[in-house]
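What the coordinates show
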Amino acid sequence: MEKSIVLKANDLVKSYGKKENTFIALKGVTLAIKEGESVAIIGKSGSGKSTLMHILAALDRPDSGDLEFGGKNVEKFKDRDLDKLRNREFGFIFQQFFLNYRETVLENVMLPLKIAGVRGKERNRRALEALAEVDMSNKANNKASDLSGGQKQRVCIARALVTEPRVIFADEPTGNLDSENGQRVEELLFNLNKKKNMTLIIVTHDEDLAAKCDRRLNMKDGILMEGDSHEAARPAANRKQKLVAL
Amino acid sequence: MKLLDLLRTANRNLSRSKLRTFLTISAIFVGAFTLTLTTALGAGAQQYLNRQLGNVKAPGVFFVQPKTENGFGGGGSDVKEYDPNKTASGTQFTSTFTQSDIDKLGKVSGVENARPYYNINGTYVTRGGTDKKYVANGLTQYNGLSLDLAAGRLLGSSDTNAIILPDTYLSPLGFSTADDAVNKTITVAYQDLRQHVVERQVTIVGVMKKSFITQGDIYIDDHLVKEIATAQGQDLRFFAAFVKFSDTNEASEPNQKKAIDAAGSYDAISMKDQIKTITTIISAITTALNVVGIIALFAASFGIINTLLMSVYERTQEVGLMKALGMRRGKVFTLFAVEAVLVGFWGSVIAVAAGFGVSKVVTQWASTSFLKDFQGFDLLVVTPMNALFVIALIMLIAFLAGTLPALKASRLNPIEALRSE
């Protein structure tokens, strides 16, 4: 069965700064990501991979180009709808965790549900479920500061999946972890990806991690390079990009 | 995010940096405490006045005097023509009322009754069994004000030979308590035109607390007043009249006043007007004091701004994360605004509670020292209305102070906020 496309970007352009200092981070990126796919966006720092992720995750708007989520044109969304989209359909995992260390593990995991306005009991139940998923149930009432790095990232994964999103964005998820903990986090992510059919988009410069994904998108100087085994997902438009870059 | 969650989160954020929150609340406390005490002072004075003048609101009742000419007789070449309708009083010409004026006032449309106000003089009061006599020059016609009574009741129009006695006369006359004096008979005496002392047996119907407004007045009923006035030759000319309208709606007072003015050369003062001067002075003083409190609050509001701005800087990443996870801008604003309002709330609630306690102590101390002679004068009174007003006002000020940091937080760009260290 052909999988449906969850995220589709067409000719995304994004620049920062003004006039002479303008830095063009994305120079026309076109891509399509299917439901349940795991995709690695790799590239050196400054290649525009983070910018691309921010735009795909509706954290930022492109200067031009279109972004579709589940067939809807996100560019036409109001801020309110973007907030809702990120809250309900996307999960986020960051290299620096961004946990609130004064609060308990459970409260940290609950945050997206709190923001969504889910009430107490259900919130508790769902957060505990998510913690069970990452094998952290026994730490639910610990302070987030008492955890090891690997445990922290697992809590972050629980936080990302607590709203049962369709897409999880992971920004260097293993960047702050030793190889053993990194391994465990990777396993968790790919398991979720397979088991729950959650689309996984990982931004990384770790070639090993990228190799484990279904597909890798190489970013260089704001342009998406070849190196993608799924040609179908990237139609002719990509070749056009190359021309633009030249 | 639900409101309850916002409140909880805000409260938790405040308890994070306890010292800072404590200091900010302290600043609010100082302003709120000042404001609580100044409003308490105003309320205390007002309450005392109201108690003294009972029906400050005696709508439809006017004290009417003939129009006076405010020319000073002495000095200058300003010699006035003799007018048989006016009598000289001191350096001023004061005209007086006759029965025809009373009749005229009684016929003004809407007037229920008009009665003369006699200016009488008492000589002494005494009580059978004691041969001591006590000066009673405060013998006065009862003017219908409700008084602050220690016992008994007020005078009614059907009373004869009845009296309301100030409590200062109690022990000289041998009464142990105010209740003890009610319904007892005492003797009042006055002098007639031939300097003969006339004694009258009167029944004490009520005992009133001493106050600065009633001074040493001893109120007697209309019938006895008229008898004394007749004996003292005051029955044909009175210096004022009481006019009572049947319409007791306060809003019609201006029209009633006009009606009296139109009836002749009269000056009508409502009961409300009479105490206006005193209340104006009191409210001027309390307003000035309140301004001091507000200035303190104004300074404190900068403390709130400062505290919250620091908090926004500290929590940039946290705010960034919440925004990335889909928190609405408005909710971020509300979160910080709620924190500001909470600071205001706690500061003002603690201040009002402290103000309440201090008011009790100070009032207690004052009533046994410098306010000894003003019975029933509670110097500082924290009324529930004022307490709520102070709390609401401070929460509002706190909210306004919180808007700047809250706006700053709500406008944070999630990507930049997460990147910040």
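Per-chain numbering applies: the sequence of each chain, read as written, is numbered from 1 onward. Note on labels: chains are lettered from A, ligands numbered from 1, in written order. Thresholds applied to this predicted model are a pLDDT of at least 70 for local features of residues and 80 or more for the giving and counting of side-chain atom pairs; totals over whole chains, interfaces and linings are not thresholded and use all residues.

1. A closer look at the overall build of chain B
Condition: Secondary structure follows DSSP: runs of H or I at least 4 residues long count as helices, runs of E at least 2 residues long count as strands, and numbering of each begins at the N terminus. Two residues qualify as being in contact provided that their C-beta atoms, derived from the backbone, are within 7 Å of each other.
Counting its secondary structure elements, chain B contains eleven helices and 14 strands. A separation of at least 24 residues holds for 81% of the contacts in chain B among residues at least 6 apart in sequence.

2. What to know about the overall build of chain A
Applied cut-off: As defined in this context, the radius of gyration uses C-alpha atoms, and a globule is described by 2.2 Å times the residue total to the power 0.38. Here the C-beta atoms are placed from the backbone, and a residue counts as buried if at least 20 other C-beta atoms lie within 10 Å of its own, exposed if 12 or fewer do, and partly exposed otherwise.
In terms of regular secondary structure, chain A is built from eight helices and ten strands. Expected size for 246 residues packed as a compact globule is a radius of gyration near 18 Å; at 18 Å, chain A falls within 12% of this value. Counting only C-alpha atoms and orienting by the principal axes, one finds that chain A spans roughly 55 × 45 × 40 Å. Considering chain A as a whole, with its 246 residues, one finds that 47% of them fall into the buried category. Here the contacts in chain A between residues at least 6 apart in sequence split such that 71% fall between residues at least 24 apart.

3. A look at helix α3 (residues 99–106) of chain B
Residue and element names in this part refer to chain B. Formally: It is the directions from the helix axis to the C-beta atoms that the arc portrays.
For α3, the full list of buried residues reads D101, I102 and L105. Viewed end-on, α3 has its buried residues packed into an arc of 100°, placing them on one side of the element. Opposite the packed face of α3, turned more than 90 degrees from it, sit the exposed residues Q99, S100 and D103.

4. Considering the interface of chain B and chain A
The line we're drawing: As a working rule, the residues Ala, Val, Leu, Ile, Met, Phe, Trp, Tyr, Cys and Pro are called nonpolar, Asp, Glu, Lys and Arg charged, and the rest polar, with Gly in that last group.
At the interface, 16 residues of chain B touch 18 residues of chain A. If you list the elements that add at least two residues to the side of chain B that touches chain A, you get α1 (3–16), α8 (316–324) and α11 (414–419) of chain B. It is α8 of chain B that contributes the most residues to the side of chain B that touches chain A, five residues altogether. Class assignment of the residues belonging to the side of chain B that touches chain A gives a composition of nine nonpolar, two polar and five charged.

5. So, the environment of F175 of chain B
All names here are of chain B. Note on placement: F175 falls in the loop between β9 (162–166) and α4 (178–181). Taking the C-alpha atoms as reference points, F175 and G320, 145 residues apart in sequence, are found 79 Å from one another. Contact partners of F175, with chain neighbours within four places excluded, come to L170, D180 and A181.

6. A look at the packing of helix α5 (residues 149–161) of chain A against helix α6 (residues 179–195) of chain A
Residue and element names in this part refer to chain A. Quick reminder of the rule: Axes here mean lines fitted to C-alpha atoms, for a helix over just the part in contact, with angles spanning 0 to 180 degrees between N-to-C directions. Roughly parallel means an angle under 35 degrees; roughly antiparallel means over 145; roughly perpendicular covers 65 to 115; every other angle is labelled oblique. In this scheme the handedness of a crossing depends on how the near helix is turned from the far one: anticlockwise by less than a right angle means left-handed, clockwise means right-handed.
The contact between α5 and α6 brings their axes to 9 Å, and the two run at 15°. Taken as axis vectors, α5 and α6 run roughly parallel relative to one another. Crossing of α5 against α6: the hand is right-handed. Between α5 and α6, the residues in contact are G149, G150, Q153, R154, I157 and L161 and N181, R184, V185, L188, L189 and L192, respectively. Of the residues that constitute the contact of α5 with α6, the class distribution is six nonpolar, four polar and two charged.

7. Topic: the pairing of strand β2 (residues 23–34) of chain A
Consecutive residues of a regular strand have side chains that alternate between opposite faces of the sheet. Residues and elements named next belong to chain A. Going by this rule: Strand pairing is defined by DSSP finding a minimum of two bridges between the two strands.
In the sheet, strand β1 (residues 5–16) pairs with β2 via nine bridges, with the strands oriented antiparallel. The partner of A9 across the bridge, within β2, is L31. The loop that links β1 with its antiparallel partner β2 comprises six residues; one of these, G17, has a positive phi angle of about 80°.

8. A few points about the sheet that holds strand β3 (residues 38–42) of chain A
In any sheet, the strands associate via hydrogen bonds between backbone groups, in a parallel or an antiparallel arrangement. Residues and elements named next belong to chain A. One open sheet accounts for six strands, arranged β6-β7-β8-β3-β9-β10; its pairing is mixed. Two strands in the sheet have a free side with no partner beyond their single neighbour: β6 (90–94) and β10 (223–225). Across the sheet, the mean angle separating the axes of adjacent strands is 20° when strand polarity is ignored. Inspection of the sheet shows strand β7 (residues 167–171) paired to strand β8 (residues 199–204) by five bridges, in the parallel sense. Paired with A170 across the two strands is I202, which belongs to β8.

9. Some points on the sheet that holds β2 of chain A
Residues and elements named next belong to chain A. The four strands are arranged β2-β1-β4-β5 in an open sheet whose pairing can be described as antiparallel. Across the chains shown, the open sheet's two edge strands, defined by having one partner strand only, are β2 and β5 (72–73). In the sheet, strand β4 (residues 64–69) pairs with β5 via two bridges, with the strands oriented antiparallel. Counterpart to E68 in the pairing with β5 is N73. With respect to the sheet, helix α1 (residues 49–56) is in contact with β1, β2 and β4, its orientation differing from that of β1 by roughly 125°.

10. Comments concerning the confidence of the model for chain B
All names here are of chain B. Put simply, the rule is: pLDDT: the predictor's confidence for each residue, scored from 0 to 100.
Mean pLDDT over chain B: 83, with 88% of residues reaching 70 or higher. Segment residues 89–93 is flagged for pLDDT under 50; beyond a separation of four residues in sequence, or across chains, it makes ten contacts in the model. Both scores are available for the predicted complex, with the pTM at 0.71 and the ipTM at 0.88.

11. Some thoughts on the nonpolar core
What counts is decided by this rule: Here, a nonpolar core denotes buried Ala, Val, Leu, Ile, Met, Phe, Trp, Tyr and Cys residues that are linked to one another through C-beta atoms within 7 Å.
Counting residues in hydrophobic clusters, the biggest one holds 127 residues, and the most contacted among them are I41, V109, A158 and I201 of chain A together with A398 of chain B. If one sorts the elements of this core by residue count, helix α2 (residues 18–52) of chain B sits on top with 13 residues. Discounting residues that sit within four places of it in the chain, V109 of chain A has contacts with A127, A130, L131, V155, A158, R159 and V162 of chain A. Membership of the second largest hydrophobic core comes to 53 residues, among which are V111, I120, A162 and Y169 of chain B.

12. With respect to unusual backbone geometry
All names here are of chain A. Of note, the phi angle at F98 is positive, near 55°, even though the residue is not glycine. Looking at the element boundaries, F98 is found in the loop between β6 and α3 (105–116). We classify F98 as buried; it has 21 C-beta atoms within 10 Å. The backbone phi angle of D221 is positive, close to 50°, even though this residue is not glycine.

13. So, the packing of α1 of chain B against helix α9 (residues 329–368) of chain B
Residues and elements named next belong to chain B. Axis separation between α1 and α9 bottoms out at 9 Å; the angle between their running directions is 60°. The angle between the axes of α1 and α9 places the two elements in the oblique class. The hand of the α1/α9 crossing is right-handed. Taking contact as the criterion, the partners of L6, L7, T9, A10, N11, N13 and L14 in α1 are, on α9, K331, T334, L335, V338, E339, L342 and V343. Per-class residue counts for the contact of α1 with α9 are eight nonpolar, four polar and two charged.

14. What about the pairing of strand β11 (residues 197–208) of chain B?
Residue and element names in this part refer to chain B. Judged from the three bridges that link them, strand β8 (residues 149–152) and β11 form a sheet pairing that is antiparallel. Note on β11: the bridge partner recorded for G152 is G206. The sheet contact formed by β9 and β11 spans five bridges and is parallel. Each residue of the ladder has a partner; that of P166, found in β11, is M208. Judged from the seven bridges that link them, strand β10 (residues 185–191) and β11 form a sheet pairing that is antiparallel. From the neighbouring strand, T185 faces β11, where its bridge partner is T203. Hairpin connection, β10 to β11: the antiparallel pair is bridged by five residues, and Q195 has positive phi, about 65°.

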